[in-house]
Structures are given as C-alpha cells and as structure tokens.
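# Chains, contacts and geometry: an overview
Each chain, written out:
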Amino acid sequence: MPTTGSKAQSVAVITLGCARNEVDSEELAGRLAAAGWVLVDEPENADAVLVNTCGFVDVAKKDSIDTILAAADLKAGDHGPSAVVAVGCLAERYGRDLAESLPEADAVLGFDDYDDIGERLRAIVAGEVPVAHAPRDRRHLLPIAPTERPAAGVSVPGHGGAASPADGAAPGWTPPVLRRRLDGSPVAPVKLASGCDRRCTFCAIPSFRGSFLSRPPADVLAEMRWLSGQGVSEVVLVSENSTSYGKDLGDLRLLEGLLREVAATGVARVRVAYLQPAEVRPDLLEVIAREPTVASYFDLSFQHASPTVLRRMRRFGGRTDFLDLVERIRRLAPTAGIRSNVIVGFPGESEEEFADLVAFLEQARLDAVGVFGYSDEDGTEAQSLPHKVPDEVIAARVDEVTALVEELMAQRAEDRIGETVQVLVESRDEDDDTVWVGRAEHQGPDDGTTTVRSVTVDVRVGDILTAVVVDTDGVDLVAEQVAVRP
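Described below are features of the structure shown in this document. Here the structure is a predicted model, which means the values were calculated and not measured. (Residues numbered from 1 in each chain as written. Predicted model: local features only at pLDDT ≥ 70, side-chain atom pairs only at ≥ 80, totals over all residues. Heavy atoms only, no water.)

### Things to note about the packing of aromatic side chains
Evaluated as defined, the whole model comprises 5 aromatic pairs. Consider the rings of phenylalanine 302 and phenylalanine 360, whose centres lie 5.2 Å apart with planes at 75°: the pair is edge-to-face. Placement of the pair is phenylalanine 302 in the loop between strand E11 (297–299) and helix H9 (307–312) and phenylalanine 360 in helix H11 (residues 351–364), with a sequence separation of 58 residues. Residue phenylalanine 302 shares its accessibility class with phenylalanine 360, and that shared class is buried. Ring geometry for phenylalanine 322 versus phenylalanine 360: centroids 6.0 Å apart, planes at 65°, classification edge-to-face. Of the two residues, phenylalanine 322 is situated in helix H10 (residues 319–332) and phenylalanine 360 in helix H11; the sequence distance between them amounts to 38 residues. (Phe/Tyr/Trp six-rings, centres within 6.5 Å; stacked < 30°, edge-to-face > 60°. Helix = DSSP H or I, 4+ residues; strand = E, 2+ residues; numbered from the N terminus. Buried < 20%, exposed > 50% of the residue type's maximum accessible area, 1.4 Å probe, protein only.)

Okay, here's the thing in structure tokens:
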C-alpha cells in the first residue's frame, strides 16, 4: 500500500454523471493540486481515490455504487490506494445512510467539505474516520428572495470561489478560476449557475443542489478565457436552469448580454445547455440563433407534451406551445439543432396523454431526444401521487418512444445531406489519418458525431473543419472536408 511520507501524496478523481459534475471534479482537482496533491489518472496508482458520484436516477446511483466498490477492491493489492472517498450528488443526498450501507467507502463527504478537501483527504489517508455527511435541504441555505442570495456567502461547488481573498489565494489558484483540467478534450463545461427554484414533482435535485444561484458574468468570462488558454475550443454553459440566469443578479436578460461577449474570450464556439421552455425569451432565441460564436443549438427541457401530465409535473406548456417554439427556432435558424428529454409513464399517464407525447415527437422531429421511464425518487412529490403506471406498461411505452425517436433522429440526419457544417475536431481515425471525428454545430456532446473524410490539410484536435454532409449512419453524419478554420 502507498505510504504517507515526505513525498507528495497522489489522488485519482473519478467523475460520474452530468457535465455539472465534470466542473465540480475539476474544481476539486484544482483545490487538491493547490493543497499539494499529485493528480494521477489511474486509481491503482493513487494514494486516494475520490469518486464524484451521481444521485439523479436509479441507474446512475447503481453506477456510482459499483464504481466505489471497484475502487475499494484495489485496496487489496500491494500498490492500491489507501482510501476511497465518495463525494458528489449521491454522497450529498444520502450521506450517513450511504456510509452505513457502503462500508467499503472510507468516507462520505458533502459539498461543504469541498473548500478544505485537501486536508480532509490527507487525514482520511492517515487513518482518520470522519463523521459521515449529514444531509440537509440545501434550499434553506440561501434567502428566499433571489436578489439577496449573492451576498449570502454560501460556498457552491463549481463556482470557483476561493476560500480566501484573491490576494491570499493558494499557489496555483487564479481567482475567480479555481480549476484543474482532468483531460485534454477541446470541449469543456462551465457553470452559469447552480441549483433550481422550480418545484417539478419528479425531481429531487433542488433539495441537494439548493436554490438557484448565478455566477457573476465576469467570473464566467474569466473562466472561459482561462480555458481557451488551456486549449479548449468549445465551452458548454451548464446549470440546472440556464434560462433563469441573472434573476438573482437583477437582470433576467443577463444571459443574452453574456453570450454577446463570449467571442472576446478566445473560445471558438459556445453552446448553452438546459433551457426551460416556459422561460425562453424571444431575445434569447435571437442571440443563440444569430451570434456567430454561439452554436445554433437549443437544449429544451420539454419532459412531456400533454398539458395535463405537465401540470401534474408542476410544469407549463403543452404540445401546441412547444410546437410553436420549435417553429420559431427553425424560422430563425433552419439548420439549428434542437434536443430534449422526455419522461414516459409519469403517474396517471393515460393512453390519450401518451398519444399526445407521441404526436408531438412526430411533428417536432427533434435532432436528439433522451427517453426515460418514470421511477419514484426519494423525497419527491410524485412519489406519493396516485395512479402509478405499471412497470410493464412503462417499459413498453419506453420501447415505443425510443424506436420512434431513433427513426425520427435518423431522418433529421438524412435531411442534412448536402448541408455545409462546421465540425469541431475531437479525434483522428486510428487507421486513416485523412479521417477525423468531431461534432457539427447542431450536435451537443451526447447527440452524435460527424466523421470528416478526405482531410488534406494539417489538422489538430480542437480545429474547426468546414465540410459538406454526404451520408449518414443513424444519427451520425459523414462529411467531406472543404476547408480548415483554425
């Protein structure tokens, strides 16, 4: 087992879940590096393994637990880690219960431990057994009035806040940027905000991520400039609800202003994730559709299309409203990408309500759709709703919708044959150095790829290739290179 002597201790950070967790992991890495830890890629070569867990749905919870168990198995080897520590959403949400049911984890830490993560981890490797995190409703940490929240001084993961003022910051920190890249990807997420003020009946996220809190625009832009200097070409702006950005800073149209400034950061392309359809504004649509540095890409959280199901979800809108929004977007930017997620089998979902969702998907013909079967989540209002849809019915409806959207997404891809696209290069084909793989402007990180063939110029990961779509493979595009733009 690694020993704790005078040499610097090492840590491996494993990230599970969404892009917001990726930001949190890189902030944790920044804090650990500033505290003297050496970051390593392989858990078996580390003194400690930090598992940043996801606690969103059952599958993600299981993946998190399996990852912790796999890391703990490494402790049995001659050169394995001395400690495995759980952090992240699952740890924050369940705390002591997780620690009791998962003794293989040497510690379960919450978000409040992040500011001092270096010392916490050092003590655990030395044999200290800390009291497991006690969960609490993090919505109570911030004032009810949004405009009073920025002055509350609450430390929020991923917001890059140093524990001490800038002039006394630890070596390696560049406030307001507190981050260490964990991979060489030319794409990186940046947090616009954290938390959510909506009360969707199926969602537990606000209880463990807290109320909505925006980051100051200057901090967001500074982090983007820093990432550009680290070789990042595309930034994905993430939050639980990006359309609420700025409401606690006194300007609900702050996102539009921020997007007009991103070109000056040096980043080649910016896309915005997690838009709430009920909060989308005409000016925001215009900026996303027409600002050159901003990808014409609309990540809209529809969740369903039946007005009655949406009301039971405590959400707004319906098929007519959503189709109108899709039409407005395509009038502004005919080649824009539109993606969404839908929940099938929500309590009380009738055949007619399900048919409403199917009809919407057929008419909207979105570029990317994630399909989720409903399951009860601890502490949510939907957990106690009556008229639960039987599991076998949910499974059948998931299969039906999944098959439908796969066909529709493939059709949308075929519609793009002959279209000129700007492809951000992310990797080269292992067998052919004239073939590169990346994503076009309408494709988010999980929405498919574009393979560019016959590349005749020098290309590096992070370059943007101009290409013409000539073929498709399901949702993926095949294109021929036209020119390169560095």
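### Let's talk about the sheet that holds E11
Strands sit in the order E11-E12-E13 across an open sheet of 3 strands; the sheet is parallel. Lying at the two open borders of the sheet, with one neighbouring strand each, are E11 and strand E13 (368–373). Ignoring which end each strand starts from, the neighbouring axes of this sheet average 10° apart. Alignment of strand E12 (residues 337–344) against E13, held across 6 bridges, turns out to be parallel. For arginine 339, the partnering residue across the bridge sits in E13 and is alanine 368. (Pairing = 2+ DSSP bridges. Axes fitted to C-alpha atoms, helices over the stretch in contact; angles between N-to-C directions.)

### Here we look at the pairing of strand E9 (residues 234–238)
A large share of E9 lies buried, amounting to 5 of its 5 residues. Residues of E9 alternate between two faces, with Glu234, Val236 and Val238 on one and Val235 and Leu237 on the opposite face, all of them buried. In this structure, strand E6 (residues 187–191) lies alongside E9, joined through 5 bridges in parallel fashion. From the neighbouring strand, valine 190 faces E9, where its bridge partner is leucine 237. In this structure, E9 lies alongside strand E10 (residues 269–272), joined through 4 bridges in parallel fashion. The residue bridging glutamate 234 from the neighbouring strand is arginine 269, located in E10.

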